[in-house]
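A structural walkthrough
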Amino acid sequence: MLKNRIIPCLDVKNGRVVKGINFVDLKDAGDPVEQAKIYSDGGADEICFLDITASNENRDTIYDVVKRTSIKCFVPLTVGGGVRSIDDINKLLNCGADKVSINTAAVENPKVVLDSSKKFGSQCIVVAIDAKKNGDKWEIFTHGGRNNSGLDALEYAKKMEDNGAGELLVTSMDRDGTQIGYDVDLMSKIASKVNIPLIASGGVGNLDHLVDGIKLGNASAVLAASIFHYGKHSVQEAKEYLDTKGIPVRI
Amino acid sequence: MKVTIVDYSSGNISSVINSFKEVAKDKVNIEVTADLNKIKSSDKVVLPGQGSFKSCIDALNKINGLTEALTEFAINNKKPLLGICVGLQMFADIGYEESETKGLGWISGIVSKIDNQNGKYKLPHIGWNQINIVKQSKIFENITNNSHMYFVHSYEFLPNDKNVISATTDYSSNIVCSVEKENIFGTQFHPEKSDKLGLKIIDNFMNI
């Protein structure tokens, strides 16, 4: 039976791990290579790096981080943040990333998703969707949550599937950093709209939120950052808890 | 001993290289190349594959003499070869991804899309699934039944001779996830991304 995945996410800035509260107020929580290794040894199903300020700053540090991580980390590694072009994707994959997540570039130029999934295969193309609720719909935001594209999240998700995305990483901008739980309404609506796996992100504050993401949000995988970074819970604890709730996990 | 990972521009093979180097340490020489003479003189060959069946076959065929060199290695000389993901799928006669494409024809059968039962199962089949070992294979030495391995694929290999199947995994149906036919081995899952147990499988292959 296929297991639901738990994915610790490391927000990386200038080669160091940080986690923002609603994308501002960054705190330093350590070395990404070391953290990734701790997570993979501790049973993380995948590791995710998001180079959060990459759209604006020099991002060469991420290549070195990915390179050093991939020689120690033998679970899938996804890297996102500031991925603009086929060339960026190629560079990250060559450094040892297994998947690349594309956010702003996919909104501005959906052809990037089409071309990259053709060139590298859908299995390594994750489209990251940052969505914020507006009335009874959700809109897509870009540039780390700063710009509203006005696009409808559900229609956009479907379009990205059609363009060849292998997975969707859906972050609720309303919930990110709040620790009050995923926007399961958003997750389940997108999950029922597409046939590719959905990774839920944004808002995890306790282990029940992970359960909700899977049971109510119909996510295939749940991504979380701060509950793992600051030692509140280990990945193993999270898995054991999900197991008691009847969710299939790899233990 | 020399193990060659075939580098034929089939997509991202850094993880395969990293994992084999991790297992090899200094005992085994890992070559990453498409050089025909180096392949022929190897003790073992690894055939990775990412992307579509068609794109991988096209990439193989683009390198003059590569298919012949691999066939000589695996079929004529019967030296150990491990295919990973699309690398395994290419053993088949025909693949149906993108368009009907002729495979290597080493293990008779076809590669077709997983039946997702009208959307009941998400595709690609991504994540950790358990393997059901149906035949003891050399690469499963000290791997217990129902171990978790990491999968990413939408197509499955349907071999004609079921005796080549060494493991299956349950996703919509019993999907063939490992084969062994004499000296030819293949895994649909990614041992290079399957944590310690995956590294063990790589170690087992190197020790054949």
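Residues numbered from 1 in each chain as written. Chains lettered and ligands numbered in written order. Predicted model: local features only at pLDDT ≥ 70, side-chain atom pairs only at ≥ 80, totals over all residues. Heavy atoms only, no water.

Observations regarding the overall build of chain B
Within chain B one finds six helices and 14 strands. The C-alpha atoms of chain B give 16 Å as radius of gyration, which agrees with the globular expectation for 208 residues (17 Å, within 12%). Taken along its principal axes, the extent of the C-alpha atoms in chain B is 45 × 35 × 30 Å. By the burial criterion, 62% of the 208 residues in chain B qualify as buried. (Helix = DSSP H or I, 4+ residues; strand = E, 2+ residues; numbered from the N terminus. Rg over C-alpha atoms; globule rule 2.2 N^0.38 Å. Buried < 20%, exposed > 50% of the residue type's maximum accessible area, 1.4 Å probe, protein only.)

With respect to the nonpolar core
Counting residues in hydrophobic clusters, the biggest one holds 74 residues, and the most contacted among them are Ile-47, Phe-49, Ile-102, Leu-168 and Leu-210 of chain A. Excluding residues that lie within four positions of it along the chain, Leu-210 of chain A makes contacts with Tyr-182, Val-204, Val-222, Ala-224, Ile-227, Phe-228, Ala-238 and Leu-242 of chain A. Counting 62 residues, the second-largest nonpolar core is a separate cluster that includes Leu-88, Phe-151, Ala-167 and Phe-205 of chain B. (Core = buried A, V, L, I, M, F, W, Y, C linked by side-chain atoms within 4.5 Å. Contact = heavy atoms within 4.5 Å.)

Observations regarding the sheet that holds strand β6 (residues 101–102) of chain B
Taken in spatial order, the four strands of this open sheet run β6-β5-β7-β11 (chain B), and their pairing is mixed. Because the sheet does not close on itself, it has two edges, and the strands there are β6 and β11 (155–159) of chain B. (Pairing = 2+ DSSP bridges.)

Overview of the interface of chain B and chain A
Each side of the interface is counted separately: chain B has 30 residues, and chain A has 34 residues. Of the roughly 2,600 Å² buried between chain B and chain A on both sides combined, carbon and sulfur atoms contribute 50%. When residues of chain B are sorted by the area they lose upon contact with chain A, Lys-122, Ile-126 and Trp-128 of chain B head the list and together hold 26% of the total. For the pair chain B and chain A, the number of links is three salt bridges. Between Asp-195 of chain B and Arg-250 of chain A there is a salt bridge, with its nearest N and O atoms 3.5 Å apart. (Buried area = accessible area lost by both parts, 1.4 Å probe. Salt bridge = Lys/Arg side-chain N within 4 Å of Asp/Glu carboxyl O.)

What to know about the environment of Gln-236 of chain A
If you trace the backbone, Gln-236 of chain A turns up in helix α10 (residues 235–244). Once residues lying within four places of it in the same chain are set aside, the contact partners of Gln-236 of chain A are Gly-42 and Ile-251 of chain A.

Thoughts on the sheet that holds strand β3 (residues 44–47) of chain B
Residue and element names in this part refer to chain B. One open sheet accounts for eight strands, arranged β2-β1-β3-β4-β14-β13-β12-β9; its pairing is mixed. Each edge of the sheet is formed by a strand with only one pairing partner; in this case those strands are β2 (29–33) and β9 (132–133). Strand direction decides the pairing type here: strand β4 (residues 81–84) and strand β14 (residues 184–187), joined by four bridges, are parallel. Paired with Ile-84 across the two strands is Thr-187, which belongs to β14. Along the sheet, helix α4 (residues 66–76) makes contact with β1 (2–6), β3, β4 and β14, crossing β3 at roughly 130°. (Axes fitted to C-alpha atoms, helices over the stretch in contact; angles between N-to-C directions.)

So, the packing of helix α1 (residues 14–24) of chain B against helix α6 (residues 195–206) of chain B
All names here are of chain B. Relative to each other, α1 and α6 sit at 65°, their axes nearing to 9 Å. Compared by their axis directions, α1 and α6 come out roughly perpendicular. Note that α1 runs across α6; the crossing there is right-handed. Contacts between α1 and α6 involve Ser-19, Phe-20, Glu-22, Val-23 and Ala-24 from the first element and Leu-199, Ile-202, Asp-203, Phe-205 and Met-206 from the second. A breakdown of the residues in the contact of α1 with α6 according to their chemical character gives seven nonpolar, one polar and two charged. (Parallel < 35°, antiparallel > 145°, perpendicular 65-115°, else oblique. Left-handed = near helix turned anticlockwise from the far one by under 90°. Nonpolar A, V, L, I, M, F, W, Y, C, P; charged D, E, K, R; others polar.)

Let's talk about the packing of helix α6 (residues 153–162) of chain A against helix α7 (residues 184–193) of chain A
All names here are of chain A. Close contact between α6 and α7 brings their axes to 9 Å; oriented N to C, the two are set at 40°. Comparing the axis directions of α6 and α7 gives the class oblique. Crossing angle aside, the handedness with which α6 passes α7 is right-handed. Facing α6, whose interface residues are Ala-153, Leu-154, Ala-157, Lys-158 and Glu-161, α7 presents Leu-186, Lys-189, Ile-190 and Lys-193.

A word on the confidence of the model for chain B
On average, residues of chain B score 96 in pLDDT, and 100% of them are at 70 or above. Model confidence for the complex: the whole-complex pTM is 0.95, and ipTM, which rates the interface, is 0.94. (pLDDT = per-residue confidence, 0-100.)

As for helix α2 (residues 60–70) of chain A
Buried within α2 of chain A we find Ile-62, Tyr-63, Val-65, Val-66, Thr-69 and Ser-70 of chain A. Projected down its long axis, α2 of chain A shows its buried positions confined to an angular sector of 165°, all on one face. Where α2 of chain A is buried, its residues meet β1 (5–13), α1 (32–41), β4 (47–51), β5 (77–80) and α3 (86–95) of chain A together with α1 of chain B. (Arc of directions from axis to C-beta.)

What about the pattern of salt bridges?
A complete count under the given rule lists 20 salt bridges over all chains for this structure. Two residues, Asp-41 of chain A and Lys-37 of chain A, come together in a salt bridge whose shortest N-O distance is 3.3 Å. Remark: Lys-37 of chain A and Asp-41 of chain A occur in helix α1; sequence separation between them is four residues, near one turn of the helix. By relative accessible area, which is 43% here, Asp-41 of chain A ends up partly exposed. Its salt-bridge partner being Arg-84 of chain A, residue Glu-108 of chain A comes within 2.7 Å of it at the nearest N-O pair. Of this pair, Glu-108 of chain A sits in helix α4 (residues 104–108) while Arg-84 of chain A is found in the loop between β5 and α3, placing the two residues 24 residues apart along the sequence. Taken together, the shared-partner salt bridges in this structure form one network comprising Lys-37, Asp-41, Asp-45, Lys-239 and Arg-250 of chain A together with Asp-195 and Lys-196 of chain B.

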